[in-house]
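Summary of the model geometry
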Amino acid sequence: MSEPTDTELEALLAELAPTEAERALLLEEHRQLEKDLLRLADPLPPPDFLSKVMNRVAEAPARPLSPADVWAGVGIVAVTLVLAVIALGASGGVSGSFGLALASIAVKLREGLVATGSGLLALWTTAALPLVGALSLLLVATLTAFRRFAQPAATKVVS
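Each value, and the rule that gives it
Residues numbered from 1 in each chain as written. Predicted model: local features only at pLDDT ≥ 70, side-chain atom pairs only at ≥ 80, totals over all residues. Heavy atoms only, no water. Helix = DSSP H or I, 4+ residues; strand = E, 2+ residues; numbered from the N terminus. Buried < 20%, exposed > 50% of the residue type's maximum accessible area, 1.4 Å probe, protein only. Areas by Shrake-Rupley, 256 points an atom, 1.4 Å probe, with all protein chains shown as cover. Salt bridge = Lys/Arg side-chain N within 4 Å of Asp/Glu carboxyl O. pLDDT = per-residue confidence, 0-100. Patch = residues over 30% accessible without salt bridge, like charges linked within 9 Å, V, L, I, M, F, W, Y side chains within 5 Å. Polar contact = N/O pair within 3.5 Å; in protein donor to acceptor, adjacent residues only side chain to side chain. Axes fitted to C-alpha atoms, helices over the stretch in contact; angles between N-to-C directions. Parallel < 35°, antiparallel > 145°, perpendicular 65-115°, else oblique. Left-handed = near helix turned anticlockwise from the far one by under 90°. Contact = heavy atoms within 4.5 Å. Nonpolar A, V, L, I, M, F, W, Y, C, P; charged D, E, K, R; others polar.

This part is about the overall build of the protein. Scanning the protein for helices and strands turns up 6 helices and 0 strands. Counted from the first residue to the last, the protein has its helices and strands arranged as α-α-α-α-α-α. Taking all 159 residues of the protein together, the buried fraction comes to 4%. Accessible area for the protein stands at about 14000 Å²; split by element, carbon and sulfur atoms hold 70% of it.

Per the counting criterion, the structure on display carries 4 salt bridges. Arg31 is the partner of Glu28 in a salt bridge, and the nearest nitrogen-oxygen pair spans 2.6 Å. In this pair, Glu28 and Arg31 are both assigned in helix 2 (residues 20-41), 3 residues apart and thus about one turn of the helix distant.

Let us now look at the confidence of the model for the protein. Taken over all residues, the pLDDT of the protein has a mean of 85, while the share at 70 or more is 88%. Mean pLDDT across the secondary structure elements of the protein bottoms out at helix 1 (residues 7-16), with 80, and peaks at helix 6 (residues 128-150), with 93.

Moving on, we get to a nonpolar patch on the surface. A grouping of Phe49, Leu50, Val53, Met54 and Val57 is seen on the molecular surface, where their side chains present a nonpolar patch of about 400 Å² in accessible area. Along the chain, Met54 turns up in helix 3 (residues 49-59).

So, about the environment of Ser136. Relative to the helices and strands, Ser136 is located in helix 6. Using a relative accessible area of 39% as the deciding quantity, one classes Ser136 as partly exposed. Here the side chain of Ser136 touches Val132 through a polar contact of 2.7 Å, landing on its backbone oxygen.

The geometry of helix 1 relative to helix 2 is characterised by a closest axis approach of 9 Å and an angle of 110° between their N-to-C directions. Comparing the axis directions of helix 1 and helix 2 gives the class roughly perpendicular. Judged by the sense of rotation from one axis to the other, the crossing of helix 1 with helix 2 is right-handed. Of the residues in helix 2, those touching helix 1 at Leu13, Ala14 and Leu16 are Arg23, Leu26 and Leu27. Residue classes in the contact of helix 1 with helix 2 are distributed as 5 nonpolar, no polar and 1 charged.

Right under this line is the structure:
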């Protein structure tokens, strides 16, 4: 709290507390009263409030998925797809550039698969044992990571 600068307030303090020490004590009491009033206006929750709420959330059953929710989701997806097709058709992408883009992707995908196959064949003919070792290590690492991340972890809520 800032020190009072108003002359009227200083006169009132001088009338109530004649010495400087008494004025400081009176101002401190006023500050404490203001703090208590603010605390009364917005009281703190009980100390065990969070744990009680978390227990009730854990005990409450999950709301079942209703057929109305499913149909609403299907409707949203269907409307979105219809609007996307309409936008694609309105921009002229269906007839010309869209088909060319799909054909280009298919050709590039085929080229990539052929290159990967020929690269693996070259590796197999020149270094079969290191290739088998590296692929085995990759498989073990992938399966270990998958096992670790696929297990449900016991979660704990900490406040």
